[in-house]
Amino acid sequence: MTERERAALRGIRAQLARGEAEAALAALRALRETASPEFRARDLWRVHEFFGAAFRLLGDAAGCAQAYYEAARADRFLRSQRAHYSSYLFALHYLPGISAAALAAQHFACGRLYEAREDEGAGARAVPPRPLSRGGGAAGTARPLRVGFLAPDFLDSAAARFYDVFFDLPRRAFTLHAYSLAAEEDELTASVRARTAAYRVLAGEGIAAADIVRADRLDVLVDLGGHTAGGVTLPLLARRLAPVQLEAVGWFDTTGVPAVDALLTDGVMDGAGAARLFTERLCRLPRAWCFTPTAAMRALAAQARGTEDARGTQAGAAAGQAVAGGVTFAAFGNFLKISDAVLATWREILCRLPAARLVLQDTLRAPVRVRALQARLAAQGLPLARVAVRMGEDGYLAALARADVVLDTFPYPGGAMTATALALGVPVLTLAGSHHSARVGCSLLTAAGHPELIAADAAAYVRTACELARDSGRRARLRADLLRQQTEEAIAARRTDYLRHFAAALRQLAGGT
């Protein structure tokens, strides 16, 4: 790499840090055109990686997927090639029109990168996957089952709201360990540390990290990362750290990695015939998810219940309908999830409901993404005067709670955002996809007792949205029911029931009864 090329990469990195995506794209294209033969042979993957970051800033999901695929193809190093491929797989879930079988095939292809192991100072060598344990672990013994949880980090996040419940497994029956690949800590980290027998930071340990985990002699290792964060947990799982390795919560599809034995799911996301789409055994619980609302969510829900009780459901419904002369639809979440098919569907809803408005809020504080989405809205013919587009912000809960109905995205639906809306008493309309990741919303709404909010296709999605908009009484009843599910007693009962089934699944996976 020449000094000019190094300087160009430094400049592009700075542009991306400032949110100057368009300028970064222009600089990347110029660098790609003028790159030296040595740079093309050894470092072109860096250009593609930066392309992926720029397209992410612009909310261009197809651009992200293509860029990370090219980065994986150009990379000469197995470790970073895997990371690029994980980013490519993540981006594929944003794109409509990909069949369940085609998506699974891409994960299986990535899994083949984990059939070899690359050690420092050594070449790649085959590591045969071990079969799912049937008789080892704690089976037939009185000792607690030793269960570990591996994550990119244990910081407060969307995923943490779903895995928090795991650390309340009964200590008389389970000895819990947590393994973080990051040294950063916050209040959530402290909570996890307090509820585990051992909390270990693997950051900076390199190849010794595997030995640290193995030394704890786990019966089951639960992965909370999958292909998120560049798949940082998967190289460790590929080294077989426990007799049974379970994928749960952090990833929303098959890993494709042979060393991952099972995947946590339910019968809604993965019914009969779904097994062909996974390299893992499907471990179905009655409910795949147990969402833990934050203190702020619980306070808003309690306040809303008090308001409903004081005013009555009819008055509450009228208050909701009074915003801007009609209903307020909302979609809070990553703008990369807003495909052209989603925009076309939302346009149809707004055209049929001339008094309705739509509020879109991103997860990133990136003005460039707001501008890019506004341009797409205009190109798709949405009524811009009735659509608000906002950057991400921490204080989004109150705004979300004021919405009448949340419109879910597809084929990549909301997860934590859907659960958050339901926890605030806001009904969510989702569209049923054909595979695990596209049916997360279906799973959450079924668990909440409202499968009628699951649309079979785009036409049904539009029809149901319009029906909800025109029926204030139905919206009020939905809100009241969702809020009743958010009392402290109801939340505690859900956690207890979920833990009972999760504990039984862990024992079965480990070969116990």
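Heads up: the structure comes first, above all this text.
It should be emphasised that the depicted structure is a prediction, and the values quoted were computed from it without experimental measurement.

## Concerning unusual backbone geometry
With the exception of glycine, most residues fall at negative phi, and the peptide bonds are largely trans.
Okay, step 1: Here the residue pair Phe-410 and Pro-411 is connected by a cis peptide bond, since its omega of 10° sits within 30 degrees of zero.
Okay, step 2: Here Pro-411 is to be found in the loop between strand S13 (405-407) and helix H17 (416-423).
Okay, step 3: Even without being glycine, Arg-217 reaches a positive phi, approximately 50°.
Okay, step 4: Position of Arg-217 relative to the elements: it lies in the loop between helix H10 (208-214) and strand S6 (220-223).
Okay, step 5: With relative accessibility at 68%, the residue Arg-217 sits in the exposed group.
Okay, step 6: One non-glycine residue, Val-249, lies in the positive phi region at around 70°.
Okay, step 7: Tracing the backbone shows Val-249 in the loop between strand S7 (244-247) and strand S8 (262-266).

## So, helix H14 (residues 340-352)
In an α-helix, one turn spans 3.6 residues, which is why side chains three or four residues apart end up on the same side.
Okay, step 1: Helix length check: H14, at 13 residues, gives a terminal C-alpha distance of 19 Å against a target of 18 Å (1.5 Å per residue), a fit within 8%.
Okay, step 2: Burial in H14 covers these residues: Val-342, Leu-343, Thr-345, Trp-346, Ile-349 and Leu-350. The buried residues of H14 occupy one face: seen down the axis, they fall within an arc of 165°.

## Quick word on helix H21 (residues 488-509)
Okay, step 1: Compared with an ideal rise of 1.5 Å per residue, which puts 22 residues at 32 Å, H21 spans 31 Å between its outermost C-alpha atoms and is within 8% of the ideal.
Okay, step 2: Those residues of H21 that sit buried are Ala-490, Ile-491, Arg-495, Tyr-498, Leu-499, Phe-502, Ala-503, Ala-505, Leu-506 and Leu-509.
Okay, step 3: Of the residues trailing H21, Gly-511 is marked for its positive phi of about 95°.

## Considerations on the side chain of Thr-430
Okay, step 1: For Thr-430, the position within the fold is in strand S14 (residues 428-431).
Okay, step 2: Engagement of the side chain of Thr-430 in a polar contact is seen with the side chain of Asp-408, the distance being 2.7 Å.
Okay, step 3: Every residue in contact with Thr-430, bar those within four places of it in the chain, is listed here: Asp-408, Pro-413, Gly-441, Cys-442, Leu-445, Leu-453, Ile-454, Ala-455 and Tyr-461.

## Focus: the environment of Pro-37
Okay, step 1: Mapped onto the elements, Pro-37 comes out in helix H3 (residues 37-42).
Okay, step 2: For Pro-37 and Tyr-69, which are 32 residues apart along the polypeptide, the C-alpha to C-alpha distance reads 21 Å.

## So, the packing of helix H6 (residues 78-92) against helix H7 (residues 100-111)
Okay, step 1: At their nearest, the axes of H6 and H7 sit 10 Å apart, and the two run at 170° to each other. One element, H6, and the other, H7, form an angle in the roughly antiparallel class. Mapping the contact onto sequence places Tyr-85, Tyr-88, Leu-89 and Leu-92 in H6 and Leu-103, Gln-106, His-107, Ala-109 and Cys-110 in H7.
Okay, step 2: By residue class, the composition of the contact of H6 with H7 is 7 nonpolar, 2 polar and no charged.

## Remarks on the packing of helix H1 (residues 3-17) against helix H4 (residues 44-58)
Okay, step 1: In contact at an axis separation of 11 Å, H1 and H4 are set at 15° when each is read in the N-to-C sense. The angle between the axes of H1 and H4 places the two elements in the roughly parallel class. The two elements H1 and H4 cross, and the hand of that crossing is left-handed. Across the interface between the two elements, Leu-9, Ile-12, Arg-13 and Leu-16 of H1 pack against Arg-46, Phe-50, Ala-53, Ala-54 and Leu-57 of H4.

## Regarding the state of the cysteines
Okay, step 1: Counted according to the given criterion, the structure contains 0 disulfides.
Okay, step 2: As a non-bridged cysteine, Cys-466 has Cys-351 as the owner of its nearest cysteine sulfur, 10 Å distant.

## Some thoughts on the pattern of salt bridges
Okay, step 1: According to the stated counting rule, one finds 24 salt bridges in the structure shown.
Okay, step 2: Of the charged contacts, one joins Arg-474 and Glu-467 as a salt bridge, the two residues approaching to 3.9 Å between their closest N and O atoms.
Okay, step 3: What makes Glu-467 partly exposed here is its relative accessible area of 39%.
Okay, step 4: With its nearest N and O atoms 2.7 Å apart, the salt bridge here joins Asp-497 to Arg-500. Placement of both Asp-497 and Arg-500 in helix H21 is noted, with a separation of 3 residues, approximately one turn of the helix.
Okay, step 5: When salt bridges with common partners are traced through the structure, they connect Asp-164, Asp-168, Arg-195 and Arg-495 into a single cluster.

Rules used throughout
Residues take numbers from 1 onward in each chain, read along the sequence in its written order. Totals for whole chains, interfaces and linings use every residue, but because this is a predicted model, local features are given only for residues with pLDDT of at least 70 and side-chain atom pairs only at 80 or more, for both listing and counting. As a rule here, side-chain values cover all heavy atoms of the structure and leave hydrogens and water aside. In this text, helices come from DSSP runs of H or I with a minimum length of four residues, and strands from runs of E with a minimum of two, each type numbered from the N-terminal end. Each residue is placed in one exposure class: buried if its accessible area under a 1.4 Å probe, protein chains only, is under 20% of its type's maximum, exposed if it is over 50%, and partly exposed if it falls in between. Working rule for helices: expected span equals 1.5 Å times residues minus one. When we speak of the arc, we mean the arc of directions from the helix axis to the C-beta atoms. Polar contacts here mean pairs of N or O atoms no more than 3.5 Å apart (in protein, one a potential hydrogen donor and the other a potential acceptor; neighbouring residues in sequence count only if both atoms are side-chain atoms). The contact definition used throughout considers only heavy atoms, calling two residues in contact when any of these lie within 4.5 Å. Inter-axis angles, ranging from 0 to 180 degrees, are taken between N-to-C directions of lines fitted to C-alpha atoms, where helices are fitted over the stretch in contact. For classification purposes, an angle smaller than 35 degrees is called roughly parallel, one larger than 145 roughly antiparallel, one from 65 to 115 roughly perpendicular, and anything else oblique. Residues are grouped as follows: Ala, Val, Leu, Ile, Met, Phe, Trp, Tyr, Cys and Pro are nonpolar; Asp, Glu, Lys and Arg are charged; every other residue, Gly included, is polar. Each crossing gets its handedness from the near helix: less than a right angle anticlockwise from the far helix is left-handed, clockwise is right-handed. Note on terminology: disulfide denotes any pair of cysteine sulfur atoms within 2.5 Å. Salt bridge criterion: a side-chain nitrogen from Lys or Arg within 4 Å of a carboxyl oxygen from Asp or Glu.

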